[in-house]
Amino acid sequence: MKVQIDPGRCQGHGRCYDLAPGLFEEDDEGYGRVPGDGAVPPGQEQAARLAAANCPERAVVLTEEA
Amino acid sequence: MTVDDRFTGGFRKQGPPAGTRNEIVTGPVSDWATDFSHLEPEWAADPYPIQDDLRARCPIAHTGRFGGGWLPTRYEDVAAIAYDTERFSSRSIIMSNYRPPAETAPVGATPPISSDPPFHHDARKLLLPAFTKKAVARREEATRAFCHSLVDALEGADVVDAARDYAQHIPIRVIADMLGFPPEDGPRFSRFVESALEGVNLPPEERMARMDELFDYLYDQIRDHVDNPRDDLTTYLVEAELYGHKLQPNHVAGTIALLLIAGIDTTWSAIGASLWHLAKTPADRERLVAEPDLLPTAMEELLRAYAPVTMARLVKEDMSWRGADMRADDWVLLSFPAANRDPEQFERAGEVVIDREVNRHVAFGLGIHRCVGSHLARMELRVALEVWLERIPVFGLADPAAVTWAAGQVRGPRTLPLRLGGA
Ligand code: SF4
């Protein structure tokens, strides 16, 4: 599973880095950012889904891989 | 170096405001679908059944009051308008009986909330670093200590007004600290807030006089910061530059007015509404006392169900919008509270489910105008509730009929008598 943030949609609500601090961080203006390549480590899939489901702007993009 | 004389003349030099005024209409609403008013007591007391009814049968209500306006009640419509800055302007975001002239755009009186693209982006960028989650976390300790001192002062009382004696003071103290204003001026701030947001249907002369009072105060504070710069937001804005120049004096004062007004009664309302809910819902209160880790989740649900803030837009040009025959300069009341209770978007939309995990609520708005203070508000709300629940785990409504709610675009309890301690 991979996470990405669509910078065209993100408005810095910060729900992603509140709910999944291991996967997202805040930049200097409060916008969400994915450090590294966005690969979700085992055990953090639920946090990733929660972040995506709570982003008001629908800016968190999840890619499920087989 | 030249002297900074941007603020010496005061603000009245700019002359009386142009723009258009309409006849003020008050009194009972005949039909909410065709004559709505968010300033009438029925709406202030309980707007949700009205919104639910409109959503089911309308869903975009109209009014002839305020010179004409619309009220969408579905999540989908509220979101579409929030995103559509091409056709809906933010040049006034308080639905009133006065429309500022079109030339006010794209800056507006209180940038960046009153600004449209492209200026909006640059004015907002100036503020963002001061309001990140990391930046506001630095204020948490002082906020917590202040909340404790407020509870200390309640010691011994059986019944307290949690809106007036607790919720109100927290955002006032935090924003006064951030702006570098004297903490003892707090009581004046409540009056400024009331004038700006609840005084909408007052006669224009009185409304202007009250605004003058606010801006007189702000210019005094700004001049003091020009003479004695310090490490706070006011000095930051005095020194800030945009496009290679220092900011226009009305931009500095307008932004400070925005931070002061929008920073106070929104959070005051959110804290008060949360305590009101917990006071009347013992099961939720007991669960939060037993499971403090649930608070961040519960808080989002309380923000969804009792979202305090409604914004407004002005229609730019005549158009038919999703069946509504909108005309240039019609208001649109952008009800985030109504969007947050749309059953198309939320399961059990009308209930408070304090462990709701999926909660894409829009209490802080959507799109480019997302509340710049959302991280600050969340910190204040969390700390205020943590301290209260830790110190006063048992409380209830002393007199449900005595609770009063602010009317207008920011809704929350203004009188909230709570009985403290055992049943
Ligand atoms: S929750 Fe969404 S809008 Fe907010 S910072 Fe994360 S990606 Fe951006």
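Going by what an unreviewed UniProt entry lists, chain B is known as Cytochrome P450 and is assigned to Microbispora triticiradicis.

Chain A goes by Ferredoxin in an unreviewed UniProt entry, where it is assigned to Microbispora triticiradicis. What UniProt states about chain A under its Cofactor (unreviewed entry) heading is, verbatim, "[3Fe-4S] cluster".

Student: Before we move on, could you go through the sheet that holds strand β3 (residues 69-72) of chain B and cite the residues and values that matter?
Tutor: Residue and element names in this part refer to chain B. What the 5 strands build is an open sheet, ordered β2-β3-β12-β9-β4; its pairing is mixed. Each edge of the open sheet is held by one strand with a lone partner, namely β2 (60-63) and β4 (88-89). As defined by bridge partners, β3 adjoins strand β12 (residues 331-335) across 2 bridges and the pair is classed as parallel. Across the sheet, G69 pairs through a bridge with W331, a residue of β12. Of the strands in this sheet, β2, β3, β4, β9 (310-315) and β12 touch helix α4 (residues 75-83), which is tilted by about 120° from β12.

Student: Give a detailed account of the nonpolar core, specifying residues and quantitative values.
Tutor: One finds Y166, W388 and F395 of chain B to be the most contacted residues of the largest nonpolar core, which totals 137 residues. If we skip the residues at most four places from it in the chain, Y166 of chain B touches C147, L150, V151, D161, I271, L275, A384, V387 and W388 of chain B. Counting residues in each nonpolar core, the second largest holds 16 residues, with C16, A20, L23 and A52 of chain A among its members.

Student: How would you explain the pairing of β12 of chain B if you had to name every residue and give the values?
Tutor: In terms of burial, β12 of chain B is a largely internal element, 5 of the 5 residues being buried. Alternating positions in β12 of chain B separate into two faces, W331, L333 and S335 of chain B on one and V332 and L334 of chain B on the other, with burial throughout.

Student: Let's hear about the interface of chain B and chain A: which residues, and what values?
Tutor: Frequently, the measure chosen for interface size is the accessible area that the parts lose on association. The partner chain A presents 22 residues to the 23 residues of chain B that form the contact. For the pair chain B and chain A, the summed buried surface comes to about 1,900 Å²; carbon and sulfur atoms form 39% of the total. The interface formed by chain B and chain A holds 3 salt bridges in total. The closest approach of N and O atoms between K125 of chain B and E29 of chain A, which form a salt bridge, is 2.8 Å.

Student: Now, about the packing of aromatic side chains: what can you tell me, with residues and values included?
Tutor: Residue and element names in this part refer to chain B. Inspection of every chain in the model, using the stated rule, returns 13 aromatic pairs over all chains. Relative to F346, the ring of Y75 lies with its centre 6.4 Å away and its plane at 75°, an arrangement referred to as edge-to-face. Taken as a pair, Y75 in helix α4 and F346 in the loop between α16 (336-339) and α17 (374-391) lie far apart in primary sequence, 271 residues in all. Each member of the pair, Y75 together with F346, is buried. The interplanar angle of 65° and the centroid separation of 5.9 Å between the aromatic rings of F189 and Y217 together place this pair among those described as edge-to-face. Of this pair, F189 sits in helix α10 (residues 186-198) while Y217 sits in helix α11 (residues 204-227), and the two are 28 residues apart along the sequence. Per residue, the accessibility class of F189 equals that of Y217, and both read buried.

Student: Help me get a handle on the sheet that holds strand β13 (residues 395-397) of chain B, residues and values and all.
Tutor: Residue and element names in this part refer to chain B. The 3 strands are arranged β6-β16-β13 in an open sheet whose pairing can be described as antiparallel. Only two strands of the sheet have a single neighbouring strand rather than two, namely β6 (159-161) and β13. Neighbour to neighbour, the strand axes of the sheet diverge by 35° on average, direction disregarded.

Student: A description of the site of the ligand should follow, citing residues and the corresponding values.
Tutor: Residue and element names in this part refer to chain A. The ligand sits among 14 residues. The nearest are C10, H13, G14, C16 and C55. In terms of residue count, helix α1 (residues 15-19) provides more of the shell around the ligand than any other element does, 3 residues in total. Classifying every residue of the shell around the ligand gives 7 nonpolar, 5 polar and 2 charged.

Student: Help me get a handle on the pairing of strand β1 (residues 2-5) of chain A, residues and values and all.
Tutor: All names here are of chain A. Only one face of β1 is covered, namely the face carrying V3 and I5; the face carrying K2 and Q4 is uncovered. In this sheet, strand β4 (residues 60-63) lies alongside β1 in antiparallel orientation, the contact comprising 4 bridges. Paired with Q4 across the strands is V61, a residue of β4.

Reading guide: rules and limits
- Residues numbered from 1 in each chain as written.
- Chains lettered and ligands numbered in written order.
- Predicted model: local features only at pLDDT ≥ 70, side-chain atom pairs only at ≥ 80, totals over all residues.
- Heavy atoms only, no water.
- UniProt positions renumbered as here; feature names shortened; annotations may be inferred.
- Pairing = 2+ DSSP bridges.
- Helix = DSSP H or I, 4+ residues; strand = E, 2+ residues; numbered from the N terminus.
- Contact = heavy atoms within 4.5 Å.
- Axes fitted to C-alpha atoms, helices over the stretch in contact; angles between N-to-C directions.
- Core = buried A, V, L, I, M, F, W, Y, C linked by side-chain atoms within 4.5 Å.
- Buried < 20%, exposed > 50% of the residue type's maximum accessible area, 1.4 Å probe, protein only.
- Buried area = accessible area lost by both parts, 1.4 Å probe.
- Salt bridge = Lys/Arg side-chain N within 4 Å of Asp/Glu carboxyl O.
- Phe/Tyr/Trp six-rings, centres within 6.5 Å; stacked < 30°, edge-to-face > 60°.
- Near = heavy atom within 4 Å.
- Nonpolar A, V, L, I, M, F, W, Y, C, P; charged D, E, K, R; others polar.

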